[in-house]
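For reference, the chains in residue letters:
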Amino acid sequence: MFKKSMLKSTIIRRSIHTVPKLPNINSLSKQGIPPILSSKGFNTVWNQYQAYLCDQLTMATAGTSLESYYPFHIILNTAKKPFQTNIFNLASATHNNHLFIENILPVDKGSNSQKVENRPSDIFLSRIEMSFGKKWDDLKDNIIADINTKLLGQGWFCLVENAQKQLQALYLQNNGTPYYFPRNQLIDMNSAINIDEFSYLQKIREMVSNNKNGKIQDWTLPIIMINVWDFAYLEDYGVAGRKKYLHNVLNNLNWNVINKRLYN
Amino acid sequence: MKIQTNAVNVLERTSNYLNSGVLKIPPTWFNVIAKYPPRKQFIREPILNDPVTGKSRVNSLKFKDGINKKGLYKTRANLKDKTSGTNKLYKPVNLVYLEDQLRQLFYEQHPWERSRPKILIENTNMSARNYDWSQIQQLGKPLDGESVVQRSLYLLKNKQCSSLMGAYDQARFEFYRIRMEQEIQEQVAMEEAEMFGSIMGLSAIDFGIEKEQEVIRQWKKKVIKETELLSARRANPSESWSKEGTVSKEKKNIEKVNEKDEIEELLL
Amino acid sequence: MALNLITTRSLERLFNKKPIPGLVSVEGWQRGCIDRINYYSKMLNESIKGNELLENKSVEELITECGMSPSKRNIANYASLLYNLEFSISSLKDTNNDSSTSNGDAPLLKEKPTKFSLLETPDLSLDFNNEPRFTAHTLLQNAIESSFSSMVQFRTLLLNSNMAISGDGFTWLVARIYKPKIQTMNNQMVDDIKYDKLFVFNTYNAGSPFIMNKSNLINNLEKEYKRLEKEKTQNNDSNSQSNVSKSASSYYNEILSSEEIKKIAFNDTTYAPLLAIDASPKFWLYDYGVFGKKEYLNRIWDSIDWSIVESRLPQKYELKYD
């Protein structure tokens, strides 16, 4: 469902990636997305950073067979090719950032007679309890703490639904993608890694080298995406304010979008 | 064959039909043909001057006054001089573009630029006219030899460089700088992704080796089979009673093949 | 006291350092540098709390001692971030001679670079405003030219490497040292260290130039992993063995894993950092905007203080034929 809406708006003219058009973009640019982003912060993370990603992606793919692909397809196409990592990075960031902005868009209040409620659906809440053994409100604090320990630099937080319809929390370093697990980029090898992380990597490595011709199948789909790059929070919150930013995002999500992303 | 003069009158005929009401709606090609009507003159005329250079295309029958090598004095043009003088006058003039020469030079100097994959489908929305060559990079156009050519022509036209070669060199060096940046970009992105726990498939070189090995393995199977057949055919029917002889021969052949295979793999 | 740590020698120097008007505005300096240092040292102190053994150690010692231990990862990370940031700032100088910039509240750039800067044609100049030879640092100039062929090549490599980092990280100019005579970087004994060549490389997130040799750690992990796998298969009593087909890349691994090469490549080699450039948007986003990294890097080059870089250069290692 979300994929369709993504793809529709990503490309207007052939071979050029343009910033997807959001509803009420003018008022968003003026007011930002209170209380998450100020107008300046919104301009940075969307009007500028997304434009930056789109232009870079266009330049990196122009004139090649990837030219007319959507970012989502570019991600899948380049994920296995180490020599196209820079294209993968751009496509993944473009796609993730779109998912992010979609799920923090302010909720349309609706007319007086029909008030639209902005709350997680019951299915979502029960799924969370089933998968994590915790209430959503408690899980939020866990997520914030985990982001702080796991994402030292740039990255994305992504709540995903896997093939078994279980929910999972992924902490993607830099421009990892939730769609293909060998490129999740969950582990920061710049610091010392422990045996668990090493065996996780080793397992994937064996899987990849054993499946040279067969495809590795990954049916994971993102449900909630949060931008943990500097472009999203630095302007409004400062270096030390990342926790506060995450707190604001997790408490002001657009559930109309997220509930639809979940498999019913 | 008679010249088909009727065909070129199609425009007049159609417009008559339209006027008289035989045709109600003008055909789709009507406006196009009206804008570029077919040529009606079928007589070829000699092109005496080259339209580009303005030089005369006629080889005037000149020969040097004075004594030639043989010590004779040439007084008039011979048959060869006469024929070669005018036979090219009816041929269309060659189209000469500066771009073509630059293109050829660039790809001669950078043969590996040809190996970059490129989409050949033309994109009508973004004709070359939309590009602004005051900069070498264009949004939606890959950086390639064509960029260098267009950029150097721009530099020449706008008097930023005095000579063609100077302009070409500047465009070329700009091109190199961007290529260097791209190359490092690719390497660093790869390194960075690996440092953040990405597991990727085979590198470009490994992929090539794997593909080659596949072919070699196939070839090995095929050759062993063929040698077996060959040795079976060659084997003396009387020898077939003493099994050892044939077997040893076959073995030898197979060993030879294996040796060959090993050499092949070493070469890789 | 945990607070002791913040006031170790390197940080004290840092807090006295003034913003660099040609490179960052006062506000940008506060956000991109002071705030970060405060945050990193707060985190470092939190993670070190209660460990008396580590509390009195310098940042460098913390990196080298904790860098290889997964359980002390937090300590090493924040120590390394602190060190890298401090190191990258320490070699910067003010380039702007204009008096107009003296009022510190003014933004650094009148207009931040826009999306059109992505298409900008590269500058072809071969001479730069800021080279070591202009300030009579010929030793450094020669060292760079002999390692990278020319100043242009060095500048291109250095700035492009940094430009290519997509997330957080630092680009380093380092001197490779053969057979170090001492283990720690001690200022008095620096003269004993000799280098043979300069290199440029990147570290990402909290990577440190002091911990380049992770082969031991990886080897141990590999052994541990194999042992665990074995135990698992024995427990399951299954005969299925992980049958990893020999791919082409494993040929390379065979070459790389041979002990001989490892010795040459790693054992006696360390890298002495001379210069670092911060790639993180935390440093440049405020003043330069989303499209401004290239402009930032151009300015970084102009503000490199070569005298400090040269003072870090060890003695050259001369090959003697006798």
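- The name an unreviewed UniProt entry assigns to chain C is Manganese/iron superoxide dismutase C-terminal domain-containing protein, from the organism Arxiozyma heterogenica.

- Naming follows an unreviewed UniProt entry, where chain B appears as 37S ribosomal protein S25, mitochondrial of Arxiozyma heterogenica.
- As recorded by UniProt, the Sequence similarities (unreviewed entry) comment attached to chain B reads in full: "Belongs to the mitochondrion-specific ribosomal protein mS23 family."
- Checking UniProt for chain B, the heading Subcellular location (unreviewed entry) contains the comment "Mitochondrion".

### Some thoughts on the overall build of chain C
1) Next: Along its length, chain C carries 13 helices and four strands.
2) Next: Residue burial in chain C is summarised as follows: out of 322 residues, 47% are buried.
3) Next: Contacts spanning at least 24 positions in sequence make up 79% of the contacts within chain C whose residues lie at least 6 apart.
4) Next: Surface exposure of chain C reaches about 16,900 Å², of which carbon and sulfur atoms provide 50%.

### Digging into the nonpolar core
1) Next: One finds Phe124(A), Trp136(A), Ile224(A), Tyr245(A), Phe154(C) and Leu198(C) to be the most contacted residues of the largest nonpolar core, which totals 156 residues.
2) Next: Sort the elements by how many residues they give to this core and helix 5 (residues 73-90) of chain C lands first, with ten residues.
3) Next: When near neighbours in sequence (up to four residues on either side) are disregarded, Phe124(A) contacts Trp136(A), Leu159(A), Leu167(A), Ile223(A), Ile224(A), Trp255(A), Asn259(A) and Leu262(A).
4) Next: Counting residues in each nonpolar core, the second largest holds twelve residues, with Tyr107(B), Ile136(B), Leu153(B) and Tyr168(B) among its members.

### Observations concerning the interface of chain B and chain A
Much of the literature gives interface size as the accessible area that the parts lose upon coming together.
1) Next: Contacts between chain B and chain A engage 31 residues on the former and 34 residues on the latter.
2) Next: In this assembly, chain B packs against chain A so that about 2,800 Å² is buried in total across both faces, 60% of it on carbon and sulfur atoms.
3) Next: Taken as a group, Leu139(B), Phe196(B) and Ile199(B) account for 26% of the area that chain B buries against chain A, more than any other trio of residues on that side.
4) Next: Put simply, chain B and chain A have zero salt bridges between them.
5) Next: Between chain B and chain A we count seven residue pairs in polar contact (both at pLDDT 80 or more) in total.
6) Next: Going through the elements one at a time, helix 6 (164-195) and helix 7 (204-234) of chain B are the ones with two or more residues in the side of chain B that touches chain A.
7) Next: Broken down by element, the residue count for the side of chain B that touches chain A peaks at eight residues, all from helix 6 of chain B.
8) Next: Within the side of chain B that touches chain A, the residues separate by chemical class into 15 nonpolar, nine polar and seven charged.

### Some points on the packing of aromatic side chains
Each pair of aromatic rings is reported with the distance of its centres and the angle of its planes.
1) Next: A complete count under the given rule lists 36 aromatic pairs over all chains for this structure.
2) Next: Through a chain of ring-to-ring contacts, the aromatic side chains of Tyr49(A), Tyr52(A), Trp229(A), Phe231(A), Phe283(C), Trp284(C), Tyr288(C), Phe291(C) and Tyr296(C) assemble into a single cluster.
3) Next: Note that Lys165(A) overlies the ring of Tyr263(A), its terminal NZ or CZ placed 4.4 Å from the centroid.
4) Next: Residue placement shows Arg172(B) over the ring face of Phe173(B); its charged tip is 5.1 Å from the ring centre.

### Things to note about the interface of chain C and chain A
1) Next: Each side of the interface is counted separately: chain C has 43 residues, and chain A has 42 residues.
2) Next: Carbon and sulfur atoms supply 60% of the area that chain C and chain A bury against each other, a total of about 3,800 Å² over both sides.
3) Next: Along the contact surface separating chain C from chain A lie four salt bridges.
4) Next: Taking the shortest distance from any N to any O, the salt bridge between Lys115(C) and Asp55(A) comes out at 3.5 Å.
5) Next: On inspection of chain C and its partner chain A, the count reaches ten residue pairs in polar contact (both at pLDDT 80 or more).
6) Next: Of all the secondary-structure elements, those providing two or more residues to the side of chain C that touches chain A are helix 2 (26-48), helix 5, helix 8 (215-236) and helix 11 (281-288) of chain C.
7) Next: Sort the elements by how many residues they give to the side of chain C that touches chain A and helix 8 of chain C lands first, with nine residues.
8) Next: Of the residues that constitute the side of chain C that touches chain A, the class distribution is 21 nonpolar, eleven polar and eleven charged.

### Comments concerning the environment of Lys157(B)
1) Next: Summarising the element assignment, Lys157(B) is placed in helix 5 (residues 145-157).
2) Next: With a relative accessible area of 67%, Lys157(B) lands in the exposed category.

### Describing the state of the cysteines
1) Next: Counted according to the given criterion, the structure contains zero disulfides over all chains.
2) Next: Lacking any disulfide linkage, Cys54(A) is separated from the closest cysteine sulfur, that of Cys158(A), by 19 Å.

### Observations regarding the pattern of salt bridges
1) Next: In this structure the tally under the stated criterion is 29 salt bridges over all chains.
2) Next: Linking Lys40(B) and Glu12(B) is a salt bridge whose minimum nitrogen-to-oxygen distance equals 2.6 Å. Residue Lys40(B) is found in the loop between helix 2 (30-35) and helix 3 (79-86), and its partner Glu12(B) is found in helix 1 (residues 10-20); the two are separated by 28 residues along the sequence.
3) Next: Taking the relative accessible area as the measure of exposure, Lys40(B) reaches 43% and is therefore partly exposed.
4) Next: Of the charged contacts in the structure, one is a salt bridge between Arg31(C) and Glu27(C), with a shortest N-O distance of 3.0 Å. Note that Arg31(C) and Glu27(C) are positioned in helix 2 at a spacing of four residues, about one turn of the helix.
5) Next: When salt bridges with common partners are traced through the structure, they connect Asp230(A), Asp168(C) and Lys282(C) into a single cluster.

So, how was this worked out
- Residues numbered from 1 in each chain as written.
- Chains lettered and ligands numbered in written order.
- Predicted model: local features only at pLDDT ≥ 70, side-chain atom pairs only at ≥ 80, totals over all residues.
- Heavy atoms only, no water.
- UniProt positions renumbered as here; feature names shortened; annotations may be inferred.
- Helix = DSSP H or I, 4+ residues; strand = E, 2+ residues; numbered from the N terminus.
- Buried < 20%, exposed > 50% of the residue type's maximum accessible area, 1.4 Å probe, protein only.
- Contact = heavy atoms within 4.5 Å.
- Areas by Shrake-Rupley, 256 points an atom, 1.4 Å probe, with all protein chains shown as cover.
- Core = buried A, V, L, I, M, F, W, Y, C linked by side-chain atoms within 4.5 Å.
- Buried area = accessible area lost by both parts, 1.4 Å probe.
- Salt bridge = Lys/Arg side-chain N within 4 Å of Asp/Glu carboxyl O.
- Polar contact = N/O pair within 3.5 Å; in protein donor to acceptor, adjacent residues only side chain to side chain.
- Nonpolar A, V, L, I, M, F, W, Y, C, P; charged D, E, K, R; others polar.
- Phe/Tyr/Trp six-rings, centres within 6.5 Å; stacked < 30°, edge-to-face > 60°.
- Lys NZ or Arg CZ within 6 Å of the ring centre and 35° of its normal.
- Disulfide = S-S within 2.5 Å.

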